[in-house]
Structures are given as structure tokens and as C-alpha cells.
Amino acid sequence: MRNIIITGGAGFIGSHVVRLFVNKYPDYHIINVDKLTYAGNLANLKDIEDKPNYTFVKADICDFETIMGIFRKHNVDGVIHLAAESHVDRSIKDPFTFAQTNVMGTLSMLQAAKLYWESLPEKWEGKRFYHISTDEVYGALEMTDPDGIEPPFTTKASSGKHHLAYGSKFFTEDLKYQPHSPYSAAKASSDHFVRAFHDTYGMPTIVTNCSNNYGPYQFPEKLIPLFINNIRHRKPLPVYGKGENVRDWLFVEDHARAIDLIFHKGTIAETYNIGGFNEWKNIDIIKVVINTVDRILGRKEGEDMDLITYVTDRAGHDMRYAIDSTKLQRELGWEPSLQFEEGIEKTVRWYLDNQAWMDNITSGEYEKYYESMYANR
Ligand code: NAD
Ligand code: DAU
């Protein structure tokens, strides 16, 4: 029996991780600790909420006493920490909330785990604190053009696989941190605290840095679900800047599989990068999404291209992210299972088939917030 806290389990990635663990490990007790901010949604977990090995606790990770109480009550021996403020645009408007949740909240989780585990006779034995971070802490990569070849060009990962890339450099685990947004600065700071707890107290920690996730249950402020919903309603698609920025996209269930593998088999104190070797310019991915939504809705493919609306760029907008996940492949044998075309088809169908889920979020308060964000651009 293992008692595992998953923080942020009502959010996008967290809900996939909770579902995977609850279904795959009936002997584990999964305790989902989530404050239910605007991004937390228990509807994401409807299918598993009655399982006997699942408990939901509504709590703020910054509330140290409450978190301490959860450790004691459930005799917690593992933490998978996902709770965070996650949207870059919000961090530009409200950096304090990001520092509070992402830095102080992580510190509160670490300190509770430390005090509780140190109080036990076996101390760190069999314990694990796994912190989920982002590739954004590494900063931004350039769009380079080696040998005069116009990107994207085919390159070979150290794993030996060929893939398309927009530059010759990648994020590897040994790169120095260079965060640019308040979101990534707060995540970087939380990563440092996690490593400090290993180095100072000997806490068994692991950190992973993942690229952009896509898939079901993502809050529709993020590019892909926002655009799917806007295309459905024939609303403008706000493309920041020229739409030339590059992101490396990974299907969320592949991230959850990697988290499962690393939680169980990863080496203590190590960092693993997780990514899809799947770089796309925003504008190209947007065109794929438009074509897919149009086709599934029975519209003429591409007829909604005129919804594309170029708007003022995001402040400090990172040009390119590209993860090198060779270490994870080499040491633990993980690789993405889905081709992007398959993943995006699955994703678009999910949002169109689950319009009630989307409408619940986008009506009311969120609609007002979104309209005001857009009006201010
Ligand atoms: P999300 O915004 O969808 O969900 C965050 C969850 O955390 C929500 O359920 C929210 O209620 C909860 N939460 C926020 N503040 C809290 C607090 N103070 N106490 C308790 N719960 C709180 O985020 P996501 O996209 O699922 O990201 C999850 C984690 O993965 C984050 O740490 C993020 O930095 C990281 N990450 C995300 C991506 C991505 O593409 N989405 C990629 C790499 C890493
Ligand atoms: O790289 C991992 C990160 O990916 C995670 O750590 C973050 O939590 C997650 O939000 C995501 O960050 P991004 O900023 O890359 O994701 P977002 O969906 O907000 O934007 C993707 C790209 O699309 C980015 O270049 C900005 C652009 N964009 C986004 C929105 C919402 C637009 O052009 N228009 C939009 O309306």
C-alpha cells in the first residue's frame, strides 16, 4: 500500500495523472490535493471519483498546517506535485499570485514532507517527492539556420531518430536556467527549492521538465482548446505576433505515462526532460486545427482560415522551445506513443464531443475574463 498525494489533480495534466494512478494501481491510495482555482475542475475526474482508492481534499498548498495535517492523516509516502499557476499570460498581469503558489506553495509542500518523513522511524526510506516542472525554465532557443538550410530541417536526435527541427540547439538537462516570464521564473525558483531540499536535507526528490502538453481537459485559455472552441463558434483566433514562435507538443497521456515511469523507476536527485521531438510553428499548428475542426464539423476544410487574426505579441514571448528527451529514452525506455496527427485528431474530437464540458467553463465569469483580456490587447 502506498499513500500518494497528487497536487493539482483537478487541473489538466493532474487529472490525467490521477486517472492513470487510480486505475492502474488499485493498491495505492491517491489523495488529490487541489484548491480548485479557476483552472481546477472536478468534472475532469467524474469517471474515477467513486473509486475506493481515491480521495479528494480541497486545500491550498500554501496552507502549511493543512498540508501537514494531510500528511499525518493519510501517512503519505509519496508526492507528485503538479499544483501551480500555469498560464504565461496571467503571470504577466499578476506575477504575485505566481510567486505565491508556485514558489511558496512548493516550499510549503516540501517542508511538510520533510517534517513528516523525518518524524518517522524509517525517515526517507521508500519516500519520494516528485516535482513537475516545465521546459520554459531553460529560456528560449534561437531559430538557427545551419548550413543555410531553411528551417524546419530534418535532424537526428542522439537517440538516433530523425525529426523536424527549427534550430540546431535543444534543451538538455545540463543547460543553465534562463527563465523570461514571471511564470517560468516562479517555476525555476520552485525547481531550485526542490533540489535544495535534496542537497541540504537528503530528501529523495526528482524533477522533470516537460514541453507543451495538449489533449482532453485542458483549460480553454491555452492555445489549442481556445482555438478549437473559437473555430466552433466562428470567433476570431488571436495569433500573437507573426505566429512564428515554435513549441514542442506532447500528448498529455504520454506525459502521464512518463510521470508514472519516472515516479517508480527514476533515479533520486536526477532531472529528466520530457518532450515529443515534435516542433511546430504556432501558425502551422493553427492551420492543422482549423482544417481538423472544419472537417469534423462537416464544413469545407479550411473555410475558417479567415478567423486568423494577428494581434499584439505576448510581452517577452519566447521564440522557440525544443526538448531533448534522449536521457529519458536511453535510461528508462520512454518515448511518445502517439504521432501528432493522431493526437490532434483525438483532441479535436474530444472537445467537439464534450461541448457541455467546454460550455460550463466558457459561460459566465470566464467569458467575461476572456473578453477583457482580449479587449486589452
Ligand atoms: P492547470 O492550470 O490546468 O492546473 C493547475 C491545477 O493546480 C488546478 O487544478 C488548480 O486548481 C491547482 N492549484 C492552483 N493553485 C493551487 C494551490 N494554491 N493549491 C492547490 N491547488 C492549486 O495546469 P496544468 O497545465 O495541468 O499544469 C500542471 C503542472 O504541470 C504545472 O506545475 C505546470 O507548471 C506543469 N507543466 C505544464 C505544461 C503544460 O503544457 N500544460 C507543460 C509542462 C509542465
Ligand atoms: O512549454 C511548457 C508550457 O507550455 C507550460 O509550462 C505552460 O504551463 C503552458 O501553458 C504552455 O505555455 P505556452 O505559453 O507555450 O502555452 P500557450 O498555450 O499559452 O501558448 C502556446 C503558443 O501559442 C505560445 O507561443 C503563445 C501562442 N498563443 C497563445 C494563445 C493563448 C497565441 O498565439 N494566441 C493565443 O491566444
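Computed from a predicted model, the values in this text were never measured in an experiment. (Residues numbered from 1 in each chain as written. Chains lettered and ligands numbered in written order. Predicted model: local features only at pLDDT ≥ 70, side-chain atom pairs only at ≥ 80, totals over all residues. Heavy atoms only, no water.)

1. What about the site of ligand 1?
Surrounding ligand 1, one finds 28 residues, the nearest of these being Ile13, Asp34, Ser86, Tyr183 and Lys187. Here an oxygen atom of ligand 1 sits 2.6 Å away from a polar atom, N or O, in the side chain of Lys187. Contact with the protein chains hides 97% of the accessible area of ligand 1, taken as 830 Å² for the molecule alone. Listed by contribution, the elements that provide at least two residues to the shell around ligand 1 are α1 (12-24), β5 (128-134), α5 (182-201) and β9 (212-214). (Near = heavy atom within 4 Å. Polar contact = N/O pair within 3.5 Å; in protein donor to acceptor, adjacent residues only side chain to side chain. Areas by Shrake-Rupley, 256 points an atom, 1.4 Å probe, with all protein chains shown as cover. Helix = DSSP H or I, 4+ residues; strand = E, 2+ residues; numbered from the N terminus.)

2. Examining the pairing of strand β4 (residues 78-81)
Taking every second residue as pointing to the same face, both faces of β4 are buried, with Gly78 and Ile80 on one and Val79 and His81 on the other. The pairing of strand β1 (residues 2-7) with β4 spans 4 bridges and is classified as parallel. Paired with Ile4 across the strands is Gly78, a residue of β4. Strand direction decides the pairing type here: β4 and β5, joined by 4 bridges, are parallel. Residue Gly78 lies in a different strand from β5, and its bridge partner there is Arg128. (Buried < 20%, exposed > 50% of the residue type's maximum accessible area, 1.4 Å probe, protein only. Pairing = 2+ DSSP bridges.)

3. Regarding the packing of helix α4 (residues 95-118) against α5
Running from N to C, α4 and α5 point in directions that differ by 15°, and their axes come no closer than 8 Å. Here α4 lies roughly parallel to α5, going by the angle between them. You can see that α4 and α5 cross each other, and the crossing is right-handed. Along its contact with α4, which presents Pro95, Phe98, Ala99, Asn102, Val103, Thr106, Leu107, Leu110, Gln111, Lys114 and Glu118, the element α5 presents Pro182, Tyr183, Ala186, Lys187, Ser189, Ser190, Phe193, Val194, Phe197 and Tyr201. (Axes fitted to C-alpha atoms, helices over the stretch in contact; angles between N-to-C directions. Parallel < 35°, antiparallel > 145°, perpendicular 65-115°, else oblique. Left-handed = near helix turned anticlockwise from the far one by under 90°. Contact = heavy atoms within 4.5 Å.)

4. Looking at the side chain of Asn3
Mapped onto the elements of the fold, Asn3 is located in strand β1. Within the structure, Asn3 has its side chain in polar contact with the backbone oxygen of His74 (distance 3.0 Å). Residues in contact with Asn3, not counting those within four places in the same chain, are His29, Ile31, His74, Asn75, Val76, Asp77 and Gly78.

5. What to know about the pattern of salt bridges
This structure, assessed with the given rule, holds 21 salt bridges. For the salt bridge of Glu49 with Lys46, the shortest nitrogen-to-oxygen distance reads 3.0 Å. The partly exposed category is assigned to Glu49, whose relative accessible area is 34%. For Arg257, the salt bridge is made with Asp254, and the minimal N-O distance between the two is 2.8 Å. Here Arg257 pairs with Asp254, and both are found in helix α7 (residues 252-265), just 3 residues apart, close to one helical turn. Take Arg257: its relative accessible area is 34%, and that puts it in the partly exposed class. Salt bridges here are not isolated pairs; linked through shared partners, they connect Arg234, Arg299, Glu303 and Asp304. (Salt bridge = Lys/Arg side-chain N within 4 Å of Asp/Glu carboxyl O.)

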